[in-house]
Amino acid sequence: MKMTSNLHPKLCSRSYKKEPTCIEVGPVYVGAGNPVVIAGPCAVEDLDMITETAREVQARGADLLRGGAFKPRTSPYSFRGLGLKGLKHLAEASRITGLPAVTEVLTPNDVLKVSKYADILQVGARNMHNAALLEAVAGSGKPVLLKRAWMATIEELLFASEYVLQRGNFRVILCERGIRTFEPMTRFTLDLSAVPILKDLSHLPVIVDPSHAVGRRHLVLPMALAAIAAGADGLMLEVHPNPESALSDGPQSLGFEEFGQLMRSLESISAVRTSFRT
Ligand code: PEP
Ligand code: MN
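Keep in mind it's a predicted model, so treat the numbers as computed, not measured.

A.B. asks: Can you break down the sheet that holds strand β4 (residues 64–66) residue by residue, with the values?
C.D. replies: The 8 strands are arranged β3-β4-β5-β6-β7-β8-β9-β10 in a closed barrel whose pairing can be described as parallel. Neighbour to neighbour, the strand axes of the sheet diverge by 25° on average, direction disregarded. Bridging between strand β6 (residues 120–123) and strand β7 (residues 144–147) involves 3 bridges; their strand directions are parallel. By the bridge assignment, Q122 is partnered in β7 with L145. Contacts between helix α2 (residues 84–97) and the sheet are confined to β4 and β5 (101–104), with β5 contributing the most and set at about 165° to the helix.

Shown next as structure tokens:
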């Protein structure tokens, strides 16, 4: 496929590395063929809720635990996370369950601290263009989950990944999480065509976050299934013990039962999904 600019992303491309990149995170392999599921609350709210969520999502088949400690909220007046305390709670829930932990890092200054507690460092949509942060997370040596900015093209996402790869860290997971369009029925528009396009252009694993894309709970299941059918290497899903009282992103968070239903539906999709060129 032809790129739109003259300077092509290089290190992330299939022409640089033909075989798909598989990323080992503790007992989990991302990009190995079987879709992985990262589940957990938008934000860690206290030790009990993150531990309970970890146990419940694990019982229903989740592979990795998510939970924000440093939250880049659109409004500075919204809940912005527990910071270091949130990291410690997340690490404790991860230790108890054995689920590797994924959390967002907001600034280069925090990279060392977050690396101490998390197994995967997430660079969020709002920071995809932050070159200094991309280079700092690369230097941590940890796997990096890189989310697409909602105003970024697919090629710009690939260029952002290049900042990490250039520093010698090839453990990058790309994440489609919705782009901004004129459509107000969903929070963002999930660009599922990005999945086969990214898989075609790049050797890096590609996951999908339908929760932030659709913004409403009842739309998460169909889009999660569609993402896996489209060839995604995994999903990131927001799950909360009591979504109605969540401190952030409650409307798009699944309860445990809804998460369980989604996981059961996934099994049949995974079994029949189209196999893409890898
Ligand atoms: C998140 O996953 O916690 C998050 C803030 O998502 P995004 O960066 O995609 O908005
Ligand atoms: Mn969220």
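Let us keep going from here.
A.B. asks: Mind laying out the coordination of the manganese ion (ligand 2), listing which residues take part and the relevant values?
C.D. replies: At the metal site, the manganese ion (ligand 2) is ligated by C42 (SG), H212 (NE2), E238 (OE) and D249 (OD), and these contacts range over 2.0 to 2.4 Å. We note that the donor set of the manganese ion (ligand 2) lies within a single chain, spaced as C-x169-H-x25-E-x10-D. Of the two residues, C42 is situated in the loop between β3 (36–40) and α1 (47–59) and E238 in strand β10 (residues 234–238); the sequence distance between them amounts to 196 residues. On the basis of relative accessibility, which here comes to 1%, the residue E238 falls in the buried class.

A.B. asks: Break down the packing of aromatic side chains for me, with residues and values.
C.D. replies: Geometrically, a pair of aromatic rings is defined through the distance of the ring centres and the angle of the planes. One pass over the structure, following the stated rule, counts 2 aromatic pairs. When the ring centre of F188 is taken as reference, the NZ or CZ atom of R177 above it lies at 4.2 Å.

A.B. asks: Quick one: what's the story with the packing of α1 against α2, residue by residue and with numbers?
C.D. replies: Interaxial distance between α1 and α2 falls to 9 Å at its minimum, and their mutual angle equals 35°. Of the two possible hands of crossing, α1 and α2 adopt the one that is right-handed. Note on element contacts: α2 touches α1 through H89, L90, E92, A93, I96 and T97, opposite L47, I50, T51, A54, R55 and Q58. Within the contact of α1 with α2, the residues separate by chemical class into 6 nonpolar, 4 polar and 2 charged.

A.B. asks: How would you summarise unusual backbone geometry if you had to cite specific residues and measurements?
C.D. replies: Look at D249: it is not a glycine, yet its phi comes out positive at around 55°. When you line up the elements, D249 lands in the loop between β10 and α9 (256–272). Looking at D249, the relative accessible area reads 13%, which means it is buried.

A.B. asks: Please set out the site of ligand 1 residue by residue, giving values where relevant.
C.D. replies: Neighbouring ligand 1 are the residues R66, K71, E104, Q122, G124, A125, R126, K147, R177 and H212. The contact in question runs from an oxygen atom of ligand 1 to an N or O atom on the side chain of R66, over 2.8 Å. Relative to its unbound accessible area of 290 Å², ligand 1 is 96% covered by the protein chains. For the shell around ligand 1, a count of residues per class yields 1 nonpolar, 3 polar and 6 charged.

A.B. asks: Requested: an account of the packing of helix α8 (residues 220–229) against α9, with residues and values cited.
C.D. replies: The N-to-C vectors of α8 and α9 enclose an angle of 25°; their axes lie 10 Å apart at closest approach. In this view, α8 runs roughly parallel relative to α9, as classed from their interaxial angle. Between α8 and α9 lies a crossing whose hand is right-handed. Of the residues in α9, those touching α8 at V220, L221, A224, L225, I228 and A229 are Q261, L262, S265, L266, I269 and S270. For the contact of α8 with α9, the class distribution of residues is 9 nonpolar, 3 polar and no charged.

A.B. asks: Tell me about α9, and please be specific about residues and values.
C.D. replies: If you check α9, its first and last C-alpha atoms are 25 Å apart, about what 17 residues at 1.5 Å a residue would give, namely 24 Å. Among the residues of α9, F256, F259, G260, L262, M263 and L266 are the ones counted as buried. Against β3, α1, α8 and β10 lie the buried residues of α9.

About the criteria used
Residues numbered from 1 in each chain as written. Chains lettered and ligands numbered in written order. Predicted model: local features only at pLDDT ≥ 70, side-chain atom pairs only at ≥ 80, totals over all residues. Heavy atoms only, no water. Pairing = 2+ DSSP bridges. Helix = DSSP H or I, 4+ residues; strand = E, 2+ residues; numbered from the N terminus. Axes fitted to C-alpha atoms, helices over the stretch in contact; angles between N-to-C directions. Contact = heavy atoms within 4.5 Å. Donors = N, O, S within 2.8 Å, 3.2 Å for Na, K, Ca; no water. Buried < 20%, exposed > 50% of the residue type's maximum accessible area, 1.4 Å probe, protein only. Phe/Tyr/Trp six-rings, centres within 6.5 Å; stacked < 30°, edge-to-face > 60°. Lys NZ or Arg CZ within 6 Å of the ring centre and 35° of its normal. Left-handed = near helix turned anticlockwise from the far one by under 90°. Nonpolar A, V, L, I, M, F, W, Y, C, P; charged D, E, K, R; others polar. Near = heavy atom within 4 Å. Polar contact = N/O pair within 3.5 Å; in protein donor to acceptor, adjacent residues only side chain to side chain. Areas by Shrake-Rupley, 256 points an atom, 1.4 Å probe, with all protein chains shown as cover. Parallel < 35°, antiparallel > 145°, perpendicular 65-115°, else oblique. Expected span 1.5 Å × (residues − 1).

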